[in-house]
Amino acid sequence: QVQLVESGGGLVQAGGSLKLSCAASASVFKANLAWYRQAPGLQRELVAFITTYSSTVYVNSVKGRFTISRDNAKNTVYLQMNSLKVEDTAVYYCAANLLDGKGYAYWGQGTQVTVSS
């Protein structure tokens, strides 16, 4: 099956930036791709997704600060995070929907993002 591997997480001060990457083991040019996050004690939430034709949707709390993008030639999806807030602290996961009726069936292992004040 398709495997996804996230990278780019780390510790950053509030107001700083990080760029997350998610590399897929197979072609995802016909897949919708998403970033989710889960903070301690909270439910997993959708952060952003990008469709096959590069339409994007963001959760309200990150609009104007985060940008999702994709490079189909590299089978990679990115999440550029600017103006980070303490509330952004979470494990971030990428996921792929192969548009085969199974939804977001493929997930990475996650990468930790910690924002300090």
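See the structure above.
This one's a predicted model, so the numbers in the text were calculated from it and none came from an experiment. (Residues numbered from 1 in each chain as written. Predicted model: local features only at pLDDT ≥ 70, side-chain atom pairs only at ≥ 80, totals over all residues. Heavy atoms only, no water.)

Novice: How would you summarise the overall build of the chain if you had to cite specific residues and measurements?
Specialist: Within the chain one finds zero helices and 11 strands. Each helix and strand of the chain, placed in order from N terminus to C terminus, yields the pattern β-β-β-β-β-β-β-β-β-β-β. In terms of overall dimensions, the chain is globule-like: its C-alpha atoms have a radius of gyration of 13 Å, near the 13 Å expected for 117 residues. Projecting the C-alpha coordinates of the chain onto the three principal axes gives extents of approximately 40 × 25 × 25 Å. (Helix = DSSP H or I, 4+ residues; strand = E, 2+ residues; numbered from the N terminus. Rg over C-alpha atoms; globule rule 2.2 N^0.38 Å.)

Novice: Explain the packing of aromatic side chains to me, using residue names and the numbers behind them.
Specialist: Considering all chains together, one arrives at two aromatic pairs under this definition. Here the aromatic rings of Y36 and Y104 are separated by 6.2 Å at their centres, their planes lie at 75 degrees, and the arrangement is edge-to-face. You can see Y36 sitting in strand β4 (residues 32-38) and its partner Y104 sitting in strand β10 (residues 104-107), a full 68 residues away along the chain. Centroid distance Y36 to W107: 4.8 Å. Interplanar angle 50 degrees. Geometry classified as tilted. With Y36 in strand β4 and W107 in strand β10, this pair connects stretches of sequence that are 71 residues apart. Overall, Y36 belongs to the buried group, its relative accessible area being 13%. (Phe/Tyr/Trp six-rings, centres within 6.5 Å; stacked < 30°, edge-to-face > 60°. Buried < 20%, exposed > 50% of the residue type's maximum accessible area, 1.4 Å probe, protein only.)

Novice: Can you break down the environment of R65 residue by residue, with the values?
Specialist: Looking at the secondary structure, you find R65 in the loop between β6 (56-58) and β7 (66-71). Sequence-wise, R65 and L84 are 19 residues apart; in three dimensions their C-alpha atoms are separated by 7.7 Å. Setting aside residues no more than four positions away along its own chain, R65 makes contact with Q80, M81, N82, S83, L84, K85 and D88. In terms of polar contacts, R65 uses its side chain to reach the backbone carbonyl oxygen of S61, at 2.9 Å. (Contact = heavy atoms within 4.5 Å. Polar contact = N/O pair within 3.5 Å; in protein donor to acceptor, adjacent residues only side chain to side chain.)

Novice: I'd like a rundown of the nonpolar core, residues and numbers included.
Specialist: Counting residues in hydrophobic clusters, the biggest one holds 30 residues, and the most contacted among them are W35, L79, M81 and Y92. Once residues lying within four places of it in the same chain are set aside, the contact partners of M81 are G16, S17, L18, L20, R65, F66, Y92 and V113. (Core = buried A, V, L, I, M, F, W, Y, C linked by side-chain atoms within 4.5 Å.)

Novice: Please set out the state of the cysteines residue by residue, giving values where relevant.
Specialist: Disulfides are covalent bonds that link the sulfur atoms of two cysteine residues. Within the structure shown, the criterion is met by one disulfide. In this model, C22 is linked to C94 through a disulfide, with the two sulfur atoms separated by 1.9 Å. For the disulfide bridge between C22 and C94, the dihedral angle about the S-S bond is near 55 degrees, and by the sign convention the bridge is right-handed. Of the two residues, C22 sits in strand β3 (residues 18-24) while C94 sits in strand β9 (residues 90-97), which places them 72 residues apart along the sequence. By relative accessible area, which is 0% here, C94 ends up buried. (Disulfide = S-S within 2.5 Å.)

Novice: Go over the side chain of T76 with me, naming the residues and quoting the values.
Specialist: Along the chain, T76 turns up in strand β8 (residues 76-81). In this structure T76 comes out as buried when scored by relative accessible area, which is 9%. Side-chain polar atoms of T76 contact the backbone oxygen of K74, separated by 2.8 Å.

Novice: Can you lay out the sheet that holds strand β1 (residues 4-7) for me, pointing to particular residues and giving the numbers?
Specialist: Two modes of strand pairing occur in sheets, parallel and antiparallel, and in both the strands are linked by backbone hydrogen bonds. Strands sit in the order β1-β3-β8-β7 across an open sheet of four strands; the sheet is antiparallel. What marks the edges here is a single partner per strand, and that holds for β1 and β7. The mean inter-strand angle of the sheet, taken between neighbouring strand axes irrespective of direction, is 15 degrees. Where β1 and β3 come together, four bridges link them in antiparallel fashion. What sits directly across from E6, in β3, is C22. (Pairing = 2+ DSSP bridges. Axes fitted to C-alpha atoms, helices over the stretch in contact; angles between N-to-C directions.)

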